[in-house]
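Breakdown of the fold
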Amino acid sequence: MAVGADKRPLRGRNLILFAVVAVLWLGADIATKAYFNGFPAGSVVAGPFLGLVQFRVAHNTGAAWGMFGDSTFALGVLSLAVCAALIAYLILVSRRASAIEVLGGALIVAGGLGNALDRFTLGYVVDFIDTTFISFPTFNVADIGVTCGFVLFFAGMLWSMRGDGASTATGAPAPARGEEGE
């Protein structure tokens, strides 16, 4: 099969994976925030569970650990800019991006869009997952997506670079990322 023929299906699979994961994660984020935003800020809705976590509603106008307090609009704009840059990156390199990179990118974009949506429509981000065993900022489904997505995205990039570097070190031409085994 020609190299170009191998790239097209991979690109399509990556874009479908990205869209499905992003839509599902964004939907879960919106649904959970809508539920918890029905309770007054500061109220404990449930828990603690096993002494680890409870659901306590918080309205966050800044970033984690109180950074950039009352910077809701600026943080929303920054979030949209990062999402746009990541989408552009994935579109430009999606032929070579691994499924792990695409999955991570989708989680980052969904989380970024979810928090930006809150910032622009409510003026704050609805947080509700509160750790009780350690002092940690209250967070939400979008934050989980951004954090896990970041780890997956960069782990996928490092894995791809490792594979590319191993091929280059042996003198063999490095296969395009994502084409190994196809």
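Here is a short report on the structure shown in this document.

Definitions and limits used
Numbering of residues starts from 1 in each chain and follows the order in which that chain's sequence is written. Where totals are concerned, whole chains, interfaces and linings use all residues; where local detail is concerned, this predicted model gives features only for residues with pLDDT of at least 70, and gives and counts side-chain atom pairs only at 80 or more. In computing side-chain properties, one takes all heavy atoms of the structure into account and sets aside hydrogens as well as water. Each helix is a run of DSSP H or I of at least 4 residues and each strand a run of E of at least 2, with the numbering of both proceeding from the N terminus. A 1.4 Å probe rolled over the protein chains alone gives each residue an accessible area, and that area as a share of the maximum for its type sets the label: buried under 20%, exposed over 50%, partly exposed in between. Residues count as neighbours in contact if any of their non-hydrogen atoms are within 4.5 Å of one another. Computed with a 1.4 Å probe, the accessible areas rest on the Shrake-Rupley method; for each residue, only the protein chains presented here act as cover. A pair of strands is labelled paired if DSSP reports no fewer than 2 bridges between them. Inter-axis angles, ranging from 0 to 180 degrees, are taken between N-to-C directions of lines fitted to C-alpha atoms, where helices are fitted over the stretch in contact. The working definition used for a salt bridge is a side-chain nitrogen of Lys or Arg within 4 Å of a carboxyl oxygen of Asp or Glu. What a helix is expected to span follows from its residue count: subtract one and scale by 1.5 Å. It is the directions from the helix axis to the C-beta atoms whose arc is reported. Here a polar contact is taken to be a pair of N or O atoms separated by no more than 3.5 Å, where protein atoms must pair a possible hydrogen donor with a possible acceptor and residues adjacent in sequence count only if both atoms sit in side chains.

Concerning the overall build of the protein chain
- If you tally the helices and strands in the protein chain, you get 4 helices and 3 strands.
- In the protein chain, the succession of α and β elements from N to C terminus is α-β-β-α-α-β-α.
- For the protein chain, the proportion of its 182 residues judged to be buried stands at 36%.
- Long-range pairs, those at least 24 residues apart, make up 67% of the contacts in the protein chain between residues at least 6 apart in sequence.
- When the accessible surface of the protein chain is split by element, carbon and sulfur atoms take 74% of a total near 9900 Å².

Topic: the sheet that holds strand E2 (residues 53-60)
- Strand order in this open sheet of 3 strands is E1-E2-E3, and the pairing throughout is antiparallel. If you trace the sheet from one side to the other, it starts and ends with strand E1 (44-49) and strand E3 (125-131), each paired once. Between one strand axis and the next, the sheet turns through 35 degrees on average, direction left out of account.
- As paired strands, E2 and E3 are joined by 6 bridges and run antiparallel to one another. If you follow His-59 over to E3, its bridge partner there is Val-126.

Concerning the pattern of salt bridges
- Under the definition given, this model contains 3 salt bridges.
- The closest approach of N and O atoms between Asp-118 and Lys-33, which form a salt bridge, is 3.3 Å. Placement of the pair is Asp-118 in helix H3 (residues 99-121) and Lys-33 in helix H1 (residues 3-36), with a sequence separation of 85 residues.
- For Asp-118, a relative accessible area of 8% gives the class buried.
- In this structure Lys-33 comes out as buried when scored by relative accessible area, which is 3%.
- Asp-130 is paired through a salt bridge with Arg-56; the nearest N and O atoms lie 3.1 Å apart.

So, unusual backbone geometry
- Geometrically, the link from Gly-47 to Pro-48 is a cis peptide bond, its omega value of 10 degrees lying close to zero.
- On the secondary structure map, Pro-48 appears in strand E1.
- The backbone phi angle of Leu-50 is positive, close to 55 degrees, even though this residue is not glycine.
- Position of Leu-50 among the secondary structure elements: in the loop between E1 and E2.

Thoughts on helix H2 (residues 72-93)
- With 22 residues, H2 should reach 32 Å at 1.5 Å per residue; the first-to-last C-alpha distance of 32 Å fits that figure.
- Among all positions in H2, only Thr-72, Leu-75, Gly-76, Ser-79, Cys-83, Leu-86, Leu-90 and Val-93 are buried. Along the axis of H2, the buried positions cluster into a sector of 145 degrees, meaning they face one direction only. In H2, the exposed positions that point more than 90 degrees away from the buried face belong to Phe-73, Leu-78 and Leu-92.

Side note on the side chain of Thr-72
- One can find Thr-72 in helix H2.
- For Thr-72, a relative accessible area of 9% corresponds to the buried category.
- A distance of 3.0 Å separates the side chain of Thr-72 from the backbone oxygen of Thr-61, its partner in a polar contact.
- Other than its neighbours up to four places away in sequence, Thr-72 contacts Thr-61, Arg-119, Gly-123 and Tyr-124.

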